[in-house]
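What follows is each chain in one-letter form.
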Amino acid sequence: MTAVSLLTVPASDPGDLSALDVLDRSGRAPEDLIAVIGKTEGNGCVNDFSRTLASAVWEPRLPATAVTVFSGGTEGVLSPHVNLFVRDDRRHPGFDRGLVAAAGRTRVLDPGEIGRAAQVDAVAETVAKLLADLGVRAADTHLVVVKCPLLTSDKITAIRAAGGVPVATDTYESMGHSRAASALGIAVALEECDRPHALRALSGEAGVSSARASTSAGAELDDCHVLVVAESDSAANPLRAVHGEMRDALDLASVTALLDRVRAENGTVRQIFAKAEADPAGTVRGLRHTMLTDSDVNATRHARAAVGGLLSALKGDGAVYVSGGAEHQGPPGGGSVTVIYELPTPARSDRP
């Protein structure tokens, strides 16, 4: 069991490490970091070098057990920032439950395995191991974040040279296949579906939707970085989480329902993690959208901007983690949503 605290810190650029100063002022050290989950201001596509830069400057400063996940794209009012999940085993008076987290990596994936059953299995195995390490059930889990690899032109050439067939011949398209395989691996580990159902979904023969999966793809890694966030009775801290799904990019009601649950506990929102995508049907609530037919701006960028504006207005600032491309992460055209919040310290008379 690893109890955690959460620090969300603005970033002036992808190489900004000033969050380490904030960490130091909080009385913690880089050795206490479990994961750094950030938004960078690149295009979020295959050639997004902002993710690579952020990973390159952060990873040498982290313990070997920690992971980084950098999601590119801060369109609209979204603001670049990092979320530090920090080991914090202190038992806070008045609390008998709290947030816990664990991080890990899959094995390195062969390029021919990206977007295939092997990636589903690798992610499922890693998530299951992290759940066991934390001593929590799937039902206790509110968020699983995965950063997974994509197919570059060189990898596609290598697959073909070896006599294989890549999951996609377009590098941008490969991002979606990789995100999908990772999300389905999460769904298997969280008992949202069995492996045969997941593999049918991977081939488009069945539907699986996880409200707790958040996956993104990048060229900066060859394995999958995994973070599991859950609640546990073994921890004692004021952090809690709720999760749900947005039905579409305009689904204000589903998010406000989650925030109403936070307000009912007098909680304060610390962060919102959400997925967003252009509805593959080409419409939102019966009206045509042009996100999928825009030759100038990728659909994932449109979706991040739209959902980012909605969630930023609700949170009250633009340091919201919105990741584009939501294959099997919420219903088609929608996306998974997790709200992490902090409870007030109980009055002394209320403490057990």
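Structure's up top.
Residues numbered from 1 in each chain as written. Predicted model: local features only at pLDDT ≥ 70, side-chain atom pairs only at ≥ 80, totals over all residues. Heavy atoms only, no water.

Now for the pattern of salt bridges. Where charged atoms from two side chains of opposite charge come close, those side chains can pair. The final tally for this structure, using the stated rule, is 22 salt bridges. Here arginine 285 ties to aspartate 248 by a salt bridge, and the two come within 2.7 Å at their closest N and O atoms. Of this pair, arginine 285 sits in the loop between β11 (283-284) and β12 (287-288) while aspartate 248 sits in the loop between β9 (239-246) and α7 (252-264), placing them 37 residues apart in sequence. We note a salt bridge from glutamate 342 to arginine 270, for which the minimum N-O separation is 2.9 Å. In this pair, glutamate 342 sits in strand β14 (residues 335-342) while arginine 270 sits in strand β10 (residues 268-276), placing the two residues 72 residues apart along the sequence. (Salt bridge = Lys/Arg side-chain N within 4 Å of Asp/Glu carboxyl O. Helix = DSSP H or I, 4+ residues; strand = E, 2+ residues; numbered from the N terminus.)

Counted according to the given criterion, the structure contains 2 aromatic pairs. Between phenylalanine 85 and phenylalanine 273 the ring centres are 6.2 Å apart and the planes differ by 35°, which places this aromatic pair in the tilted class. Of this pair, phenylalanine 85 sits in strand β4 (residues 81-87) while phenylalanine 273 sits in strand β10, and the two are 188 residues apart along the sequence. Across the pair, exposure class does not vary: phenylalanine 85 and phenylalanine 273 are buried alike. An angle of 45° between the planes, with centres 5.4 Å apart, marks the rings of phenylalanine 273 and tyrosine 321 as tilted. With phenylalanine 273 in strand β10 and tyrosine 321 in strand β13 (residues 321-324), this residue pair connects regions lying 48 residues apart in the sequence. (Phe/Tyr/Trp six-rings, centres within 6.5 Å; stacked < 30°, edge-to-face > 60°. Buried < 20%, exposed > 50% of the residue type's maximum accessible area, 1.4 Å probe, protein only.)

This paragraph deals with the sheet that holds β4. The 4 strands are arranged β1-β4-β2-β3 in an open sheet whose pairing can be described as mixed. One side of each edge strand has no neighbouring strand; the edge strands of this open sheet are β1 (4-10) and β3 (67-72). Averaged over all pairs of adjacent strands, the angle between strand axes in this sheet comes to 15°, irrespective of strand direction. Alignment of β1 against β4, held across 7 bridges, turns out to be antiparallel. Opposite threonine 8, over in β4, you have asparagine 83 as the bridge partner. Strand contacts of helix α2 (residues 49-58): β2 (33-40), β3 and β4, with the helix running at about 160° to β3, the strand carrying the most contacts. (Pairing = 2+ DSSP bridges. Axes fitted to C-alpha atoms, helices over the stretch in contact; angles between N-to-C directions. Contact = heavy atoms within 4.5 Å.)

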